[in-house]
Amino acid sequence: MSRMEQLENRMKHRQLSHAYLVVGENRRNLADTLAAAWVCTGETPPCGQCSGCRKAAQGIHPDITRWDPDGEGLKAEAVRTLRSDAFIRPNEAPKKVYILEHGELLNQTGQNILLKLIEEGPAYACFLFLSPNPELLLPTVRSRCETIRAEGEETAAASADGETLAGLILKGAGPEETLPFLISLEKKDREEIALLLEETVCRLTKVLPQRPELLKVLDRLSPIRAACEFNISAGHLAGWLASAL
Ligand SMILES: [Zn+2]
């Protein structure tokens, strides 16, 4: 089961943790889904049908608070207001949800207030930290949250391509099969090719104990993966891959 399937299962069975750190391009969408799951009163959260889900989708649910990253939102005073609010019972939902963007921009005092709230706050209070730079959050805050990576479509596509390439390598496909695939990579950008290669390497490494001969392929892939960091065209990378396989 993938991590995303596990998460969906936990939503369905109302077994979510109460604090998540959501990272990745698609973090806002995933946060909205989690928030809806918490306020959902239907049978399989988020059902999308109940009044909780509908209000969540319209952004008008009284038990979902979005914390604005601009101006006021970043001051420790605003965190204290948030803390007082968290101790007031939910209006209508089983949970009260706080979606906090850019928590990493808060000073240490602010982050420590949040940390205490996550640790000692009421059981109905749930927190979603959304951050493009999660490494800037205090380690203590990070450690109290479960981290979930919400990949965007591009990342998902790159992983699927990586799976294809690993599949071609594993079955020892000839150039008539690999070339059309490699040519299609010329339309990608370097970052996508880097992700694709990461996925390929990861899949090949897993079967290395049974297929030790793959070590040679991995050795040839590694300088190409490294070259993705530099200003090198996708066409060139695809050509290089073709000669390495
Ligand atoms: Zn619902």
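Residues numbered from 1 in each chain as written. Predicted model: local features only at pLDDT ≥ 70, side-chain atom pairs only at ≥ 80, totals over all residues.

### Overview of the pairing of strand β3 (residues 96-101)
For a regular strand, side-chain orientation follows a simple rule: the groups alternate between the two sheet faces. Among the 6 residues of β3, 5 are classified as buried, and the element is accordingly described as predominantly covered. Two strands pair when backbone bridges link them, and β3 and strand β4 (residues 125-130) are joined in this way by 6 bridges, in the parallel orientation. Residue pairing across strands places K96 opposite A125, the latter belonging to β4. For the crossover that starts at β3, traverses helix α5 (residues 108-120) and ends in the parallel β4, the hand is right-handed. (Buried ≥ 20, exposed ≤ 12 C-beta atoms within 10 Å, placed from the backbone. Helix = DSSP H or I, 4+ residues; strand = E, 2+ residues; numbered from the N terminus. Pairing = 2+ DSSP bridges. Right-handed = clockwise from strand over helix to strand, strands pointing away.)

### Thoughts on the nonpolar core
Counting residues in each nonpolar core, the largest one holds 40 residues, and the members touching the most others are V22, A35, V39, L128 and F129. Counting residues per element, this core draws most heavily on helix α2 (residues 27-39), which supplies 8 residues. Aside from chain neighbours lying at most four places away, what touches F129 is L21, V22, L100, G103, L137 and C145. One finds A166, I193, L197 and L221 within the second-largest nonpolar core, a separate group that totals 12 residues. (Core = buried A, V, L, I, M, F, W, Y, C linked by C-beta atoms within 7 Å. Contact = placed C-beta atoms within 7 Å.)

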